[in-house]
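Each chain, letter by letter, is given below.
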Amino acid sequence: QVQLVESGGGLVQAGGSLRLSCAASGSIFSFNAMGWYRQAPGKQRELVAGFTSSGSTNYADSVKGRFTISRDNAKNTVTLQMNSLKPEDTAVYYCNAQIVPTNTLITTDYWGQGTQVTVSS
C-alpha cells in the first residue's frame, strides 16, 4: 500500500520559515509528478509548488522567490522550504504524488493527510 506521510508545519510569525517534508512509502514502481498543494478556509485547493513528470518545477506566483521545492529520489521524499512567510500563506498543506505502484502499474494520484501551517501577523 502506497502512502504519503507529511511532517513539518506549525505556527510561525510573519517573516519566519518552515519546512515541510513528504515521504512516500510502499511498493513503488515509479513516480510522475510530485508536489505540494494548500487549501485555506473557504478557498479551493491550489498548487503551491511541484515537479512535473519531466523534472521541471512549477510555483504559484504568490510563492515565487520565497518557497523552494526539492526532492530526494533515493529516499522518495519531497521537501518544501518556506521562507518569508506571510499570514496569507496560512492553510492546510497537502503533499501530492502521481505514483505507479508495483502491484497495478497504473499511475495513481495519492494525497497526504495534510499539515496545518499558520502564520501570525
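K.L.:
Just checking my understanding: could you explain the overall build of the protein chain for this structure?
P.N.:
A count of helices and strands for the protein chain gives zero helices and 11 strands. The C-alpha atoms of the protein chain give 14 Å as radius of gyration, which agrees with the globular expectation for 121 residues (14 Å, within 12%). With the principal axes as the frame, the protein chain shows a C-alpha extent of 45 × 25 × 25 Å. For the protein chain, buried positions account for 40% of its 121 residues. Partitioning the contacts of the protein chain with sequence separation of at least 6, the portion at a separation of at least 24 is 57%. Total accessible area computed for the protein chain in this model is approximately 6,400 Å², and 47% of it derives from carbon and sulfur atoms. Charge separation in the protein chain, taken as the distance between the mean sites of 9 positive and 7 negative side-chain charges, equals 3 Å.

K.L.:
Can you help me understand the side chain of R38 in this one?
P.N.:
Its location among the elements puts R38 in strand β4 (residues 28–39). Overall, R38 belongs to the buried group, its relative accessible area being 6%. A distance of 3.3 Å separates polar atoms of two side chains, one belonging to R38 and the other to S62. Beyond its immediate chain neighbours, meaning those up to four positions away, R38 contacts Q44, R45, E46, V48, S62, V63, F67, E88, D89, A91, V92 and Y93.

K.L.:
Explanation requested: the state of the cysteines in the structure shown.
P.N.:
Two cysteines joined by a covalent bond between their sulfur atoms form a disulfide. Applying the stated criterion across every chain, the model contains one disulfide. Residue pairing for C22: its cysteine sulfur links by disulfide to C95, the two sulfurs lying 2.1 Å apart. With the S-S bond torsion at -80°, the cross-link from C22 to C95 turns out left-handed. With a gap of 73 residues between them, C22 in strand β3 (residues 18–25) and C95 in strand β9 (residues 91–101) connect regions that are remote in the sequence. C95 matches C22 in its accessibility class, with the two residues each being buried.

K.L.:
Mind showing me how you'd approach the nonpolar core here?
P.N.:
Nonpolar side chains tend toward joint burial in soluble globular proteins. One finds W36, L80, M82, Y93 and I99 to be the most contacted residues of the largest nonpolar core, which totals 31 residues. At the level of secondary structure, the elements contributing two or more residues to this core comprise β3, β4, β5 (46–51), β7 (67–72), β8 (77–82), β9 and β11 (115–120). The element best represented in this core is β9, accounting for five residues. Apart from residues no more than four positions distant in its own chain, M82 is found in contact with G16, S17, L18, L20, R66, F67, Y93 and V117.

K.L.:
I would appreciate a short explanation of the sheet that holds strand β1 (residues 3–8) in the present structure.
P.N.:
Strand pairs in the sheet, formed through backbone hydrogen bonds, run parallel or antiparallel to each other. Here we have four strands laid out as an open sheet, ordered β1-β3-β8-β7, and antiparallel in their pairing. Of all the strands in the sheet, just β1 and β7 have a single pairing partner and so form its edges. Ignoring which end each strand starts from, the neighbouring axes of this sheet average 15° apart. Here six bridges tie β3 to β8, and the two strands are oriented antiparallel to one another. Bridge pairing in β8 places L20 opposite L80.

Cut-offs and rules
- Residues numbered from 1 in each chain as written.
- Predicted model: local features only at pLDDT ≥ 70, side-chain atom pairs only at ≥ 80, totals over all residues.
- Heavy atoms only, no water.
- Helix = DSSP H or I, 4+ residues; strand = E, 2+ residues; numbered from the N terminus.
- Rg over C-alpha atoms; globule rule 2.2 N^0.38 Å.
- Buried < 20%, exposed > 50% of the residue type's maximum accessible area, 1.4 Å probe, protein only.
- Contact = heavy atoms within 4.5 Å.
- Areas by Shrake-Rupley, 256 points an atom, 1.4 Å probe, with all protein chains shown as cover.
- Lys, Arg positive; Asp, Glu negative; His and termini not counted.
- Charge placed at Lys NZ, Arg CZ, Asp CG, Glu CD.
- Polar contact = N/O pair within 3.5 Å; in protein donor to acceptor, adjacent residues only side chain to side chain.
- Disulfide = S-S within 2.5 Å.
- Core = buried A, V, L, I, M, F, W, Y, C linked by side-chain atoms within 4.5 Å.
- Pairing = 2+ DSSP bridges.
- Axes fitted to C-alpha atoms, helices over the stretch in contact; angles between N-to-C directions.

So, to be careful, I would describe these as geometric facts and stop short of saying anything about function.
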